[in-house]
Amino acid sequence: MTEPPTTVRAPLVFLGGACGATTWRRDIAIPLLKKMELNFFNPQVDDWSPDLVAIEAKAKKDATVLLFVFDPSTRCLASLVEVAALAAAGRDMRVAIADVKEGTVIAGDEVSQHDLTEMNAGRQCLVALLNMVQVTVRPLAELAETVKSCATQGVLHASAVKEQFQAAVQDVFQGVASAPTVAAAVQQLAANIETESCSADDISKDHSALLTKIAEYLMSGRQEHLLYSIEAPPAQTAQDGAGWLWIVPPSAASKARPRLAVLLAALQLKVLSCTYHVSSKHRHICDLVQAAFAGGSGCGKVSITTEQIPQGAVLYDAGESEPLNASELKDTNRARSYLDSVTVEFPA
């Protein structure tokens, strides 16, 4: 149930993220917050009603620290969208996260391989973007330490987040525009975003078309509008006469997807505007996170449109032949509704 304010010392900590049958609030977070004499708001209730929406929204707005937990027993898709937007907007946040494991049962159904791939890719993309703006992220196993860190408030503010975001963008594009050839620029881009688990050679090989398009754009000095969509842009140019830089969302199955999320987030500072379209043909979990981060960042003009997935729809993901089960459809469409709200809360 929702806990009343416990004591008199700030900050107010909002306990967001996984709900359902999870007990992390009751077992770990709330006892520690009480021990530290920190106020908190717990949105997990036994009997939810629409009246609580406004109460929760106000508590979230008033909170000094936002603590979000991604438990492996729930999808938390709406929370992915919410955290991406709030972190990009400069809110002081703490995140504890774990991947969903194969064989996990949610609402009575074992998650499919497609569902599992998308969920975990979405979480990994979120972590990559949070690291970009230096939000504190810890493994779920370190939840107690994450809660304790809430006692230190005001770590980041919106202006500092924008500065860190811009610094990260410089790192991503370092040496690209001045490369002697497009091929060299592609290799430089890949080197700028490589990790120990995903080499520059693998990134440039697996995502050659995407990197080439971005490299050519950066080297050209053009100013265009970014369209992030599986569907082609309109044949005509934008109203101001500028063209479209059309980016097809990378596959969630790619091991480079989290680093590509960073690359694509950086790209929004190099275009005139960003249009994100989330179709009903794919799950698009990574793309929901990508669009929410762009919408919350306040960096440039961002437009977001989403389509709800209809009941019984079979998605276009490779090898998929069965429609989404009831809980997956509900969770996926709820995340899309949250993304729609981002355009209201963080208007362009």
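Above this text you will find the structure in question.
Read on for an overview of the structure.

Rules and cut-offs
- Residues numbered from 1 in each chain as written.
- Predicted model: local features only at pLDDT ≥ 70, side-chain atom pairs only at ≥ 80, totals over all residues.
- Heavy atoms only, no water.
- Axes fitted to C-alpha atoms, helices over the stretch in contact; angles between N-to-C directions.
- Helix = DSSP H or I, 4+ residues; strand = E, 2+ residues; numbered from the N terminus.
- Parallel < 35°, antiparallel > 145°, perpendicular 65-115°, else oblique.
- Left-handed = near helix turned anticlockwise from the far one by under 90°.
- Contact = heavy atoms within 4.5 Å.
- Nonpolar A, V, L, I, M, F, W, Y, C, P; charged D, E, K, R; others polar.
- Salt bridge = Lys/Arg side-chain N within 4 Å of Asp/Glu carboxyl O.
- Buried < 20%, exposed > 50% of the residue type's maximum accessible area, 1.4 Å probe, protein only.
- Phe/Tyr/Trp six-rings, centres within 6.5 Å; stacked < 30°, edge-to-face > 60°.

Some remarks on the packing of helix H9 (residues 208-220) against helix H10 (residues 257-267)
At a closest axis distance of 12 Å, the pairing of H9 and H10 adopts a crossing angle of 25°. When the interaxial angle is binned, H9 and H10 end up roughly parallel. When the axes of H9 and H10 are compared, the crossing they make is left-handed. Where H9 approaches H10, its residues Leu-210, Leu-211, Ile-214 and Tyr-217 are matched on the opposing element by Leu-260, Leu-263, Leu-264 and Leu-267. For the contact of H9 with H10, the per-class residue count stands at eight nonpolar, no polar and no charged.

Comments concerning the environment of Val-169
Looking at the secondary structure, you find Val-169 in helix H6 (residues 158-173). Once the C-alpha coordinates of Val-169 and Leu-264 are considered, the two residues, 95 residues apart in sequence, prove to be 9.8 Å apart. If we skip the residues at most four places from it in the chain, Val-169 touches Met-132, Ala-266, Leu-269 and Lys-270.

What about the pattern of salt bridges?
Close approach of charged atoms allows side chains of opposite charge to pair. According to the stated counting rule, one finds 14 salt bridges in the structure shown. Close ionic contact of Lys-58 with Asp-62 constitutes a salt bridge, the shortest N to O distance being 2.6 Å. Of the two residues, Lys-58 and Asp-62 both sit in helix H2 (residues 52-62), four residues apart, roughly one turn of that helix. Take Asp-62: its relative accessible area is 42%, and that puts it in the partly exposed class. Asp-331 serves as the salt-bridge partner of Arg-75, at 3.0 Å between the closest nitrogen and oxygen. On the criterion of sequence distance, the pair formed by Arg-75 in the loop between strand S3 (65-70) and helix H3 (77-88) and Asp-331 in helix H12 (residues 326-345) is long-range, its members being 256 residues apart. Owing to a relative accessible area of 2%, Arg-75 belongs among the buried residues under this scheme. When its relative accessible area of 23% is taken as the criterion, Asp-331 is described as partly exposed.

Side note on the packing of aromatic side chains
The final tally for this structure, using the stated rule, is four aromatic pairs. Considering the side-chain rings of Phe-165 and Phe-293, the 5.7 Å spacing of their centres and the 75° angle between planes classify their relative orientation as edge-to-face. Residue Phe-165 is located in helix H6, and its partner Phe-293 is located in helix H11 (residues 285-297); the two are separated by 128 residues in the primary sequence. A residue is classified by how much of its surface remains accessible, and Phe-165, at 2% relative accessible area, is buried. On the basis of relative accessibility, which here comes to 1%, the residue Phe-293 falls in the buried class. Residues Tyr-228 and Tyr-276 carry aromatic rings whose centres are separated by 5.2 Å and whose planes lie at 50° to one another, so their mutual orientation is tilted. A residue pair is termed long-range when its members are at least 10 positions apart, and Tyr-228 in strand S8 (residues 225-228) and Tyr-276 in strand S10 (residues 273-278) qualify at 48 residues. Through pairs of rings, three or more aromatic residues link up here, namely Phe-14, Phe-41 and Phe-68.

Considerations on the packing of H3 against helix H4 (residues 113-132)
Running from N to C, H3 and H4 point in directions that differ by 15°, and their axes come no closer than 10 Å. By the angle between their axes, H3 is roughly parallel relative to H4. H4 is crossed by H3, and the crossing has left-handed handedness. Residues Leu-77, Leu-80, Val-83, Ala-84 and Ala-87 of H3 pack against Met-119, Gly-122, Arg-123, Leu-126 and Leu-130 of H4. For the contact of H3 with H4, the class distribution of residues is eight nonpolar, one polar and one charged.

Nothing here speaks to function; it is geometry throughout.
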